[in-house]
Structures are given as structure tokens and as C-alpha cells.
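Residue-level structure breakdown
Given next are the chains, with one letter for each unit.
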Amino acid sequence: MTKPKFEILLRDEVEQIHRASLEVLADTGIQVDDPATRKMLGEAGAEVEQAKETVRIPGSLVQDALRKAPKEFTLYGRDGASPVSLVQWSTYFTTGGYATYVYDLSTGARREVTSKDLADAVRLADALPNCDLIANLPAAPRDVPQASLDRHQWAIGLTNTRKHVLSEARGYDSVKDAIAMAAAISGGADELKKRPIITFDVTTISPLTHDRLQTQEIVGGARNGVPVSISPGPMAGASSPVTLAGTMTLANAEFLSGLVISQVASPGAPVIYACWARHIDQRAANVCMGTPEFALLRICQAQLGRYYGLPTRGGGLVTDSKIVDAQSGYEKMLTCLLPAMAGLNIVAGMAMCDSLITMSFEQFILDEEIVGIARRILNGVTVDGEKIAVELIKKIGPGGSFLGTKHSLKHFKDELWMPQISDRTTWSQWHEKGGKSAEARAREIAKKILDSHKAPALPADVERSIWSIVREADKKASLS
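The notes below deal with the structure included here. (Residues numbered from 1 in each chain as written. Predicted model: local features only at pLDDT ≥ 70, side-chain atom pairs only at ≥ 80, totals over all residues. Heavy atoms only, no water.)

**What about unusual backbone geometry?**
What counts, and what does not: A run of DSSP states H or I qualifies as a helix once it reaches four residues; a run of E qualifies as a strand once it reaches two. Both are numbered from the N-terminal end.
A cis geometry characterises the amide bond from Ser 206 onward to Pro 207, with omega recorded as 0 degrees. Among the structural elements, Pro 207 can be located in the loop between strand S11 (198-203) and strand S12 (209-210). For Glu 53, which is not glycine, the phi torsion reads 55 degrees and is therefore positive. Position of Glu 53 relative to the elements: it lies in the loop between strand S2 (47-49) and strand S3 (54-56).

Laid out in C-alpha cells, this is it:
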């Protein structure tokens, strides 16, 4: 059986983008706002122009980084959570965003997101079987000190799920704190390196810029053995060329520069090739993601990642719709299924709507359903003697029925996808049960899960240690 696989770039076209990216890095270079990192790159053979804070990176340095970076590695959770093995053509699904607003599960009103909302979202993610890890902790609470927001996100994430957590750590102090929290759970820094339960999320600034704090995140993660997901996010027509090939070239150059930083800092450090390249809607003058172009860029990224032999992560399950509606459904299916068929390792965006600005618990449940559909398609069609069932067909013969046969009972669960939300009853049956919309059914399921599910509790001393790190960060932030 050949599972469904989708590519759009020829090998020569992938190599054209690669060569163009190398040319950009060697001739124009990239701005690096962290002086220590500029010095480190200069000592490694890059050409540093201190007055402009730019670094021109020769192709030889990029090729050396590509040779050193691991091609496969595994992300772990705690308490027996299933590992996420990042190998070619394996696909996992996760949250995405850092929403600042949420649709209240009780009132339906859109309001600023709180710490409780984030904790609830993480608990929901922990319970949903199709959400494989917690990436871009899906909310940025507004009820905590914003200067230490990332510490609150790490603490809420790590204490409310068994699954792997990917989030931001802005600067060396934040890196140190996140590692201390994760090490407390793992049994020490050495154990954390062996089985990383966290990944750092880094976003480059397009065009061609690494800011100081996120550069320190790359270096700090690399030197401590924590995987780093390096994610360019250029906007075609604004911070990158309007052409998709031009945008992909710029994004690729930004990623490769981040890869060089990580491998110069610590050869062999695990890196994920992430990308959130999108475009500006020329009529609305607004960034948009639930588009065919967004899906096409993820396919290009997946192909470039395989060309380099690196794990990949990118947006998917994203929508520009402001609410749960038909638009969110078709946009999320488009941006989920195509990247998954293209072999993107981690497809991120569950629970999000409104171009990642607003979180919805109902949407999270519906996304679980969409991922289930995508996974069924990725499994393809098995063709063998048992599945062809020619003897059964001949036995039943013309006018017969296959209902109730041992063959049907044996295979229906592995052959036929069974929905949790989608309604397949007749109109009268649906009407008799209240005529509820998919959103209403999703709301009921979300409430039921949140009423009953909690991740296994951490030991009390570990949880105290985690929150003491947060309180100390809050204290430092208030004094600065």
C-alpha cells in the first residue's frame, strides 16, 4: 500500500530555492541583534558588520550546519504520554496560536483570555487523542504580568498536561527558568536532555532579522540540549515578495540562518524547521492564513525540510473566520489536509480561529474531528487478499447482503472512520434529539471533558518548585 503523498515542487525547483537562499545569506546577510551571537558567528567564519549589526553567512557555514543537525529525534511527554517521533512522512497534530481572546464556553461572548482559559485549553488538549502535543500554548493570558507571561505559560502548560509542551522562552533568563521547570519534572537536567519534554518556539522577524531575546533562545536551547523550533513568518506582499516562491526563499534563508546559529552554539543540537509564512489580503490589507496559498507554502516547506533531512512544523487547521462557521470548516480542512498529505511532521492550529487571535473550545472539538478525517485519509487503502474479499463476494452473490458477516464485523472499525461530532442520522432523528448544530454538540463535549478530565498531578514539591520560579520571575519583572 502506498499512503497518500503530495508534492508540488520538482527537485530542481527545491534546489533553486535552496541556492537562492544561500545567495541571500552570503550577499545580504541577516541582522542579528545580540552582540554575543554576532561575535560567535564571526569566530565561526561569518562576515560581521558591527555598525549595521548584520552577519553575512557563507554557504559553507550553512552546509556545515546541515551536516551537524540531527535528522530525526523524539519529543517526549510525562507519565507515559505517547512520544512524538519526528521521522520523514510522520505527521502529528497540535494546537497553535497564543490567542489573546477567547469565546467564553458558558456565555459565548468574546473576551480577553485568562490563566484559567489556558489551563482549561491545556486540559482539553491532554484529553483529546488526536492532539499529539501542546504547541504554541494556545493562549496568552492577560491577567498575569506581561513581562513574565512566558513563565506563566510554561507553568500552566507543564502542570496541566502529560504531553510534550512547545512554547516561547524569551531570552536567557526565560530559557533558564523553563529548563528548571522541565528538569524538576524530568528528574534533572541530564534526564531532560535524554528525553526532552519541552521544545522552544522561536519566531524570526521578517525580513531577515533575529531579535536579541529570540536569538538567545536559540543559543540557550541548543547549549542545553532542548529542541528548538525556528519559525520564519514572512507576509507575502508586505514583509516578503508577493510571489510564493520569493516568500519561501526569504523564509528559508531566515530558517537556515537560525540553524547556523544553533549549530555554531552547539553542534548536533536538535532543530525543527518551522514556518508560518502567509500573505496579506490585498483588498482587506490584513494578514490571512485560511487560504490556498497558506496551504501551498506548507507543502513547499515540507519538501524543503525533506531535502535537508530535517523535521518540520508549520501552521495548519487555521482559519480567518471570526467564529465557528462554514468558512472555518472549509479553511481548516484545506490547511490541515494538504500539509498532512505533504508530510509536514507537525501541523499546528487546533483550537484557533480569527487568524490565531481568538481561541474557541468548540472549535477545538471540531478540529479534533477534522484531524480524525485527515488521519483516515493518510492511512490510505490496504489492498490484499483479506481486504479484497473475493471469496466473500462470490459467496454472497447477486442480491445478497454483507450486513452482519464476520468479515464486516472484523473490519468495519479499521476501515470506516467513525465520527464523534458529525451527524449522520436522518432529519427526523436529528430533529427529535434537539436539532443541534455541530457547534452546539461540540460545546457539550467540551464542557463534559472539562468537568471530568485532569492530567495526573505532579508531586507536590515539583509543582511548588515550578510556581516558585514563576513568582521569582514576577518579582524581577516588577522591579525592572
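Now that the structure has been shown, the text picks up again.
**Re helix H1 (residues 11-27)**
The cut-off we apply is this: Expected helix span is taken as 1.5 Å per residue step, with the number of steps being one fewer than the number of residues. Under the scheme applied here, a residue whose accessible area is under 20% of the maximum for its type counts as buried, over 50% as exposed, and between as partly exposed, the area being computed with a 1.4 Å probe on protein chains only. Taking the helix axis as origin, the arc is that swept by the directions to the C-beta atoms.
Taking 1.5 Å of rise per residue, the 17 residues of H1 would be expected to cover 24 Å, and the 24 Å separating its terminal C-alpha atoms lies within 8% of that figure. If you check which residues of H1 are buried, you get Val 14, Ile 17, His 18, Ser 21, Leu 22 and Leu 25. Each buried residue of H1 lies within a common arc of 135 degrees when the element is viewed along its axis, so the set occupies one face. With respect to the buried face of H1, the exposed residues turned more than 90 degrees away are Glu 23 and Asp 27. Positive phi shows up at Gly 29, right after H1, with a value of about 80 degrees.

**Considering the pairing of strand S19 (residues 346-350)**
Applicable threshold: Strand pairing is assigned whenever DSSP identifies at least 2 bridges connecting the two strands.
For S19, a buried count of five out of five residues is recorded, marking the element as mostly surrounded by other parts of the structure. Here strand S6 (residues 92-95) pairs with S19 via four bridges, running parallel. Counterpart to Thr 95 in the pairing with S19 is Met 350. Direction of pairing for strand S18 (residues 312-315) relative to S19: parallel, over a ladder of three bridges.

**Some remarks on the pattern of salt bridges**
To keep it simple, the criterion reads: Here, a salt bridge means any side-chain nitrogen of Lys or Arg that lies within 4 Å of a carboxyl oxygen of Asp or Glu.
On inspection of all chains with the given rule, the structure shows 29 salt bridges. Between Asp 104 and Arg 111 there is a salt bridge, and its shortest N-O distance comes to 2.9 Å. Here Asp 104 falls in the buried class, since its relative accessible area comes to 14%. By relative accessible area, which is 27% here, Arg 111 ends up partly exposed. Note that Arg 170 and Asp 211 form a salt bridge whose closest N and O atoms lie 3.2 Å from each other. Taken together, the positions of Arg 170 in the loop between strand S10 (165-167) and helix H6 (172-186) and Asp 211 in the loop between S12 and helix H8 (212-223) put the pair 41 residues apart, joining distant regions of the chain. Residue Asp 211 is classed as buried on the basis of its relative accessible area of 15%. One network of salt bridges, with partners in common, ties together Asp 150, Arg 151, Lys 176 and Asp 177.

**Here we look at the nonpolar core**
Rules: Note on terminology: a nonpolar core comprises buried Ala, Val, Leu, Ile, Met, Phe, Trp, Tyr and Cys residues joined through side-chain atoms within 4.5 Å.
Grouped together as the largest cluster of nonpolar side chains are 117 residues, with contacts concentrated most on Phe 93, Phe 200 and Met 359. Ranked by the residues each element gives to this core, the list is headed by helix H9 (residues 244-265), at ten residues. One finds Phe 73, Leu 86, Tyr 92 and Ile 272 within the second-largest nonpolar core, a separate group that totals eight residues.

**Comments concerning the sheet that holds strand S21 (residues 358-360)**
Pairing is mixed across the open sheet formed by four strands, whose spatial order is S8-S7-S21-S20. At either margin of the open sheet sits one strand with a lone partner, and together these are strand S8 (110-112) and strand S20 (352-353). Across two bridges, S20 lies against S21 in antiparallel orientation. When the sheet's bridge partners are listed, Cys 353 is paired in S21 with Thr 358.

**Description of the side chain of Asp 367**
Our working rule: Contacts are assigned to residue pairs that have any heavy atoms within 4.5 Å of one another.
With respect to the secondary-structure elements, Asp 367 resides in helix H12 (residues 361-379). Judged by its relative accessible area of 0%, Asp 367 is buried. Not counting the four nearest positions on each side in its chain, Asp 367 is found in contact with Leu 317, Lys 332, Gly 349, Met 350, Ala 351 and Met 352.

**Some points on the packing of aromatic side chains**
Test applied: Aromatic rings from Phe, Tyr and Trp, taking only the six-membered ring of Trp, are treated as a pair when their centres fall within 6.5 Å; an angle between ring planes under 30 degrees marks them as stacked, one over 60 as edge-to-face, and anything in between as tilted. The criterion for a charge sitting over a ring is simple: Lys NZ or Arg CZ within 6 Å of the ring centre, and within 35 degrees of the ring normal.
If you walk through the whole model with that rule in mind, you get six aromatic pairs. Ring centres 5.8 Å apart and planes at 90 degrees place the aromatic pair Trp 154 and Phe 200 in the edge-to-face group. With Trp 154 in helix H5 (residues 149-160) and Phe 200 in strand S11, this residue pair connects regions lying 46 residues apart in the sequence. Put simply, the rings of Phe 255, Tyr 273, Tyr 307 and Tyr 308 touch in pairs and so form one group of aromatic residues. A cation over an aromatic ring shows up here: Lys 5 above the ring of Trp 89, its NZ or CZ 4.7 Å from the ring centre. Sitting over the ring of Phe 294, Arg 298 keeps its end group 4.4 Å from the ring centre.

**Quick word on the environment of Lys 68**
The test is simple: As used in this structure description, the phrase polar contact means that two N or O atoms lie within 3.5 Å; if the pair is within protein, one of them must be able to donate a hydrogen and the other to accept it, and residues adjacent in sequence are counted only when both atoms belong to side chains.
If you trace the backbone, Lys 68 turns up in helix H3 (residues 59-68). Along the backbone, Lys 68 and Asp 132 are 64 residues apart, and their C-alpha atoms lie at a distance of 27 Å. The contact partners of Lys 68, leaving out residues within four places of it in the chain, are Gln 263, Pro 267 and Gly 268. In terms of polar contacts, Lys 68 uses its side chain to reach the side chain of Asp 64, at 2.8 Å.

**Digging into the packing of helix H2 (residues 35-44) against H9**
The cut-off we apply is this: Axis geometry follows a simple rule: fit a line to the C-alpha atoms, using only the stretch in contact for helices, then measure angles between N-to-C directions, giving values from 0 to 180 degrees. Our angle categories are set so that under 35 degrees counts as roughly parallel, over 145 as roughly antiparallel, 65 to 115 as roughly perpendicular, and the remainder as oblique. Gly is put with the polar residues, along with every residue not named as nonpolar or charged; the nonpolar set is Ala, Val, Leu, Ile, Met, Phe, Trp, Tyr, Cys and Pro, and the charged set is Asp, Glu, Lys and Arg.
Contact geometry for H2 and H9: axes closest at 10 Å, N-to-C directions at 80 degrees. Judged by the inter-axis angle, H2 sits roughly perpendicular to H9. In this structure, H2 contributes Thr 37, Met 40, Leu 41 and Ala 44 to the contact, and H9 contributes Val 260, Ile 261, Val 264 and Ala 265. Taken together, the residues of the contact of H2 with H9 break down into seven nonpolar, one polar and no charged.

**Considerations on the sheet that holds S19**
Here eight strands make up an open sheet; going across it, the order is S6-S19-S18-S15-S13-S11-S10-S9 and the pairing parallel. With partners counted over all chains shown, the strands left at the sheet margins are S6 and strand S9 (134-135), one partner each. Together, S10 and S11 form the strand contacts of H5, whose direction differs from that of S10 by roughly 170 degrees. Against the sheet, helix H10 (residues 292-308) contacts strand S15 (271-275) and S18, and its axis sits at roughly 175 degrees relative to S18.

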